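# An overview of the molecular structure
If you want the building blocks of each chain, they are given just below.
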Amino acid sequence: MRGNDSEKDYDQYIRLHCGHEASHQKAEVVTTNFAKAIAASLLKNSKKAFNIDDIHKVSVSIRTMPEFNKIAGDPRRLQSCMADERTIVSAQSMIINKTYGVAPENITEYVHKMDLLYKNISVGENQSAEYKAFRAAVSSIRKLGMLNLSTEQGRKTASEMLVPLNANLLSASERCIKKNQEQANRFDGEEGYNNTLDALRILAEYAPDTKDQIKVSVDKISRAPKAKEASPAKAPKLG
């Protein structure tokens, strides 16, 4: 029952942040409304329980995405995307696909690099839950190698599957880095720290629209209070 309530809450929130009134304000207010509506649409699709704080946090990440900023910088296109709930859903899909997608011609190489990374991730009883989740996220991407990526259909299928898998990888990597910063790397050590940064470097190379999001996230983690022994988080060199 709560799931239906959350959907209604999301729908109402999105309606409040799109349409004529929401899109005819000062430029910064309109951009903020658009980001919040996109964030709410994304969280609704993810079946997350409705929470305004979560929407605000996700909207901050949304604003780092180049495709979002292209739309926000084009008044006519922005007005069109904010017309109603339907156009918000369409814009959300376009922004997320552009951000986390990998070009079809690069998918084979990308999956291969994630496979090599996965083989360097050891398994241990004392590893944190966050590191195990990170390992699972990398594994989900490498398993796309079981598709026939030499065919156009195989690459098309992999391309569609990669969008949520890459979004999950970024989130899992962020949580893992944050956990080890807080716990002085005592769970996963230098290996865990390096592997998560390597994953983010690979992701940024093949899904370049994630670069700003990664930099903002890792910089934020590095400024957070941490145990004295922790290695300082450094944003990976993204090119």
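Position labels on residues start from 1 in each chain and follow its written sequence. Only residues with pLDDT of 70 or above have their local features reported here, since the model is predicted, and side-chain atom pairs are shown and tallied only from 80 upward, although totals for entire chains, interfaces and linings are computed over all residues. Think of the side-chain values as coming from all heavy atoms in the structure, minus any hydrogens and water.

Labels follow the DSSP assignment, with helices taken as runs of H or I lasting at least four residues and strands as runs of E lasting at least two, numbered in each case from the N terminus. The helix and strand inventory of the chain stands at 12 helices and zero strands. Of the regular secondary structure in the chain, the N- to C-terminal order runs α-α-α-α-α-α-α-α-α-α-α-α. For the chain, restricting intrachain contacts to residue pairs at least 6 apart in sequence, the fraction spanning at least 24 positions comes to 70%. Accessible surface is estimated by sampling points in the Shrake-Rupley manner with a 1.4 Å probe; for residues, cover comes only from the protein chains shown. Taken as a whole, the chain presents about 12700 Å² of accessible surface, with 51% of it coming from carbon and sulfur. Here a residue-residue contact requires only that any non-hydrogen atoms of the pair lie within 4.5 Å.

We now examine the confidence of the model for the chain. For the chain, per-residue confidence averages 88 on the pLDDT scale, and 88% of positions sit at 70 or higher. Here residues 227–232 is modelled with pLDDT under 50, and outside its nearest four sequence neighbours on either side it reaches 14 contacts, counting other chains as well. pLDDT runs from 0 to 100 and stands for how confident the predictor is about each residue.

A few words now on the side chain of Thr64. Within the secondary structure, Thr64 sits in the loop between α4 (52–62) and α5 (66–72). Among the polar contacts listed, one links the side chain of Thr64 to the backbone oxygen of Ser61, at a separation of 2.6 Å. In contact with Thr64, not counting residues within four places along its chain, are Asn69, Asp212, Gln213 and Val216. Polar contact is defined as a pair of N or O atoms within 3.5 Å, subject to the rule that within protein one atom must be able to donate a hydrogen and the other to accept it, and that residues adjacent in sequence are counted only when both atoms are side-chain atoms.

So, on to the packing of helix α9 (residues 129–142) against helix α10 (residues 152–182). For helices, the fitted line uses only the C-alpha atoms of the stretch in contact; every axis is such a line through C-alpha atoms, and the angle between N-to-C directions lies from 0 to 180 degrees. Taken N-terminus to C-terminus, the directions of α9 and α10 make an angle of 155°; their axes are 8 Å apart at the nearest point. Classified by the angle between their axes, α9 and α10 sit roughly antiparallel to one another. The element α9 and its partner α10 pack so that their crossing is left-handed. Contacts between α9 and α10 involve Glu130, Tyr131, Ala133, Phe134, Ala137, Val138, Ser140 and Ile141 on the former and, on the latter, Leu162, Leu165, Asn166, Asn168, Leu169, Ala172, Ser173, Arg175, Cys176 and Lys179. Put simply, angles under 35 degrees are roughly parallel, angles over 145 are roughly antiparallel, angles from 65 to 115 are roughly perpendicular, and the rest are oblique. Here a crossing is called left-handed whenever its near helix is offset anticlockwise from the far helix by less than a right angle, and right-handed whenever the offset is clockwise.

Another aspect to go through is the nonpolar core. Residues belong to one nonpolar core when they are buried, are Ala, Val, Leu, Ile, Met, Phe, Trp, Tyr or Cys, and are joined through side-chain atoms within 4.5 Å. For every residue, the accessible area (1.4 Å probe, protein chains only) is compared with the maximum for its type, and the residue is labelled buried under 20%, exposed over 50%, or partly exposed between those bounds. Within the largest apolar cluster, 62 residues are counted, with the highest numbers of intra-cluster contacts made by Phe34, Phe68, Tyr110, Met114, Phe134, Val138 and Leu169. If we skip the residues at most four places from it in the chain, Met114 touches Val138, Ile141, Arg142, Leu169, Ala199, Ile202 and Leu203.

Within this document, salt bridges are pairs made up of a side-chain nitrogen of Lys or Arg and a carboxyl oxygen of Asp or Glu, the two lying within 4 Å of each other. In this structure the tally under the stated criterion is 11 salt bridges. Notably, a salt bridge pairs Lys47 with Glu7, separated by 4.0 Å at the nearest N-O pair. Note that Lys47 is positioned in the loop between α3 (27–45) and α4 and Glu7 in helix α1 (residues 2–16), a separation of 40 residues in sequence. A relative accessible area of 66% places Lys47 in the exposed class. Between Glu160 and Lys156 there is a salt bridge, with its nearest N and O atoms 2.8 Å apart. Taken together, the residues Glu160 and Lys156, both in helix α10 and four residues apart, mark about one turn of the helix. Judged by relative accessible area, Glu160 falls into the exposed class, the value being 51%.

Moving on, we get to the environment of Phe34. Mapped onto the fold, Phe34 is located in helix α3. Spatially, the C-alpha atom of Phe34 lies 8.0 Å from that of Ser23, the residues being 11 residues apart in sequence. What Phe34 contacts, discounting residues up to four positions off in sequence, is His17, Phe68, Ile71, Leu78, Cys81, Met82, Ile88, Ala91 and Ile95.

This part is about helix α7 (residues 85–100). The length a helix should cover is 1.5 Å for every residue beyond the first. Its 16 residues place the ends of α7 23 Å apart at the C-alpha level, agreeing with the 22 Å of an ideal helix rising 1.5 Å per residue. Among all positions of α7, only Thr87, Ile88, Ala91, Gln92, Ile95, Ile96, Thr99 and Tyr100 are buried. In this structure Asp84 caps α7, since a side-chain oxygen of it lies 3.1 Å from the backbone nitrogen of Arg86.

This part covers helix α8 (residues 107–119). In a regular helix each residue adds 1.5 Å, so 13 residues correspond to 18 Å; α8 covers 18 Å between its end C-alpha atoms and thus fits that length. For α8, the set of buried residues is Ile107, Tyr110, Val111, Met114, Asp115, Leu117 and Tyr118. Within α8, the buried residues cover an arc of 160° as seen down the axis, which keeps them to one side. Arc definition: directions from the helix axis to the C-beta atoms.

Here the focus is the packing of α3 against α7. Contact geometry for α3 and α7: axes closest at 9 Å, N-to-C directions at 80°. Considered as vectors, α3 and α7 are oriented roughly perpendicular to each other. The residues of α7 that touch α3, namely those facing Phe34, Ala37, Ile38, Ser41, Leu42 and Asn45, are Ile88, Val89, Ala91, Gln92, Ile95 and Ile96. Its residues assigned to classes, the contact of α3 with α7 comprises nine nonpolar, three polar and no charged. When residues are sorted by character, Ala, Val, Leu, Ile, Met, Phe, Trp, Tyr, Cys and Pro go into the nonpolar class, Asp, Glu, Lys and Arg into the charged class, and all the rest, Gly among them, into the polar class.

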